[in-house]
Amino acid sequence: QVQLVESGGGSVQAGGSLRLSCKVSGYTYNSFCMGWFRQAPGKEREGVARFNTGSRTQYYADSVKGRFTISRDSAANTVFLQMNSLEPEDTAIYYCALAKYPWQPCNAADNAYDYWGRGTQVTVTS
């Protein structure tokens with residue numbers, strides 16, 4: 001069974017950094033799409049970053065471009081989201097997701113992703 005488990009969330013002051021991790025179990029193909037999404041209370045879920053593990057193409061939402069970086073440790077089957085210069089507007093529950101089809105570029109729509117983690121809370125104080 002495919003499982004995704006996020007970790008690394010927490011509470012930080014504005015300007016600080018966090019690194020989120022998403023450990024993937026039960027899925028070992030070389031090329032697929034991984035995405036990071038977030039949802040704040042009262043707002044719809046939005047895509048933050050996505051990454052094709054074969055081509056290594058990356059995408060970032062305009063709101064986080066230049067501050068966030070998505071990467072993968074293939075040996076550990078883990079995807080990371082390094083978040084720098086955090087702002088209060090980044091406060092949300094962050095989810096990782098996996099799409100089995102290796103789109104190039106990866107699909108931006110959340111309904112294209114097949115497996116989801118349960119989320120990790122990120123809180124940024126001013």
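Residues numbered from 1 in each chain as written. Predicted model: local features only at pLDDT ≥ 70, side-chain atom pairs only at ≥ 80, totals over all residues. Heavy atoms only, no water.

## Notes on the overall build of the protein
The number of helices and strands found in the protein is zero helices and 11 strands. Relative to its length of 126 residues, the protein is compact, with a C-alpha radius of gyration of 14 Å against a globular reference of 14 Å. Seen through its C-alpha atoms, the protein measures out along the principal axes to roughly 40 × 25 × 25 Å. In the protein, which comprises 126 residues, the proportion classed as buried is 41%. (Helix = DSSP H or I, 4+ residues; strand = E, 2+ residues; numbered from the N terminus. Rg over C-alpha atoms; globule rule 2.2 N^0.38 Å. Buried < 20%, exposed > 50% of the residue type's maximum accessible area, 1.4 Å probe, protein only.)

## What to know about the nonpolar core
Core analysis: the biggest nonpolar cluster contains 30 residues, and Met-34, Trp-36, Leu-81, Met-83 and Tyr-94 have the highest contact counts within it. Elements with a minimum of two residues in this core: strand E3 (18-25), strand E4 (33-39), strand E5 (46-52), strand E7 (68-73), strand E8 (78-83), strand E9 (92-99) and strand E11 (120-125). Residues within four places of Tyr-94 in sequence aside, it is in contact with Glu-6, Leu-20, Trp-36, Phe-37, Arg-38, Val-48, Phe-68, Leu-81, Met-83, Gly-119, Thr-120 and Val-122. (Core = buried A, V, L, I, M, F, W, Y, C linked by side-chain atoms within 4.5 Å. Contact = heavy atoms within 4.5 Å.)

## Concerning the state of the cysteines
Applying the stated criterion to the full structure yields two disulfides. The residue that forms a disulfide with Cys-22 is Cys-96, at a sulfur-sulfur distance of 2.0 Å. Note on the Cys-22 and Cys-96 pair: the S-S dihedral is about 60 degrees, so by sign convention the disulfide is right-handed. Note that Cys-22 is positioned in strand E3 and Cys-96 in strand E9, a separation of 74 residues in sequence. For the pair formed by Cys-22 and Cys-96, the shared burial category is buried. (Disulfide = S-S within 2.5 Å.)

## Digging into the sheet that holds E7
If you trace the four strands from one edge of the open sheet to the other, you get E1-E3-E8-E7, paired in antiparallel fashion. At either end of the open sheet lies a strand with only one pairing partner, and these are strand E1 (3-7) and E7. On average, each strand axis in the sheet is tilted by 15 degrees relative to the strand beside it, whichever way the strands run. Sheet topology places E3 next to E8; six bridges connect them, and they run antiparallel. Paired with Lys-23 across the bridge in E8 is Thr-78. (Pairing = 2+ DSSP bridges. Axes fitted to C-alpha atoms, helices over the stretch in contact; angles between N-to-C directions.)

Bear in mind that shape data such as this cannot, by itself, settle questions of function.
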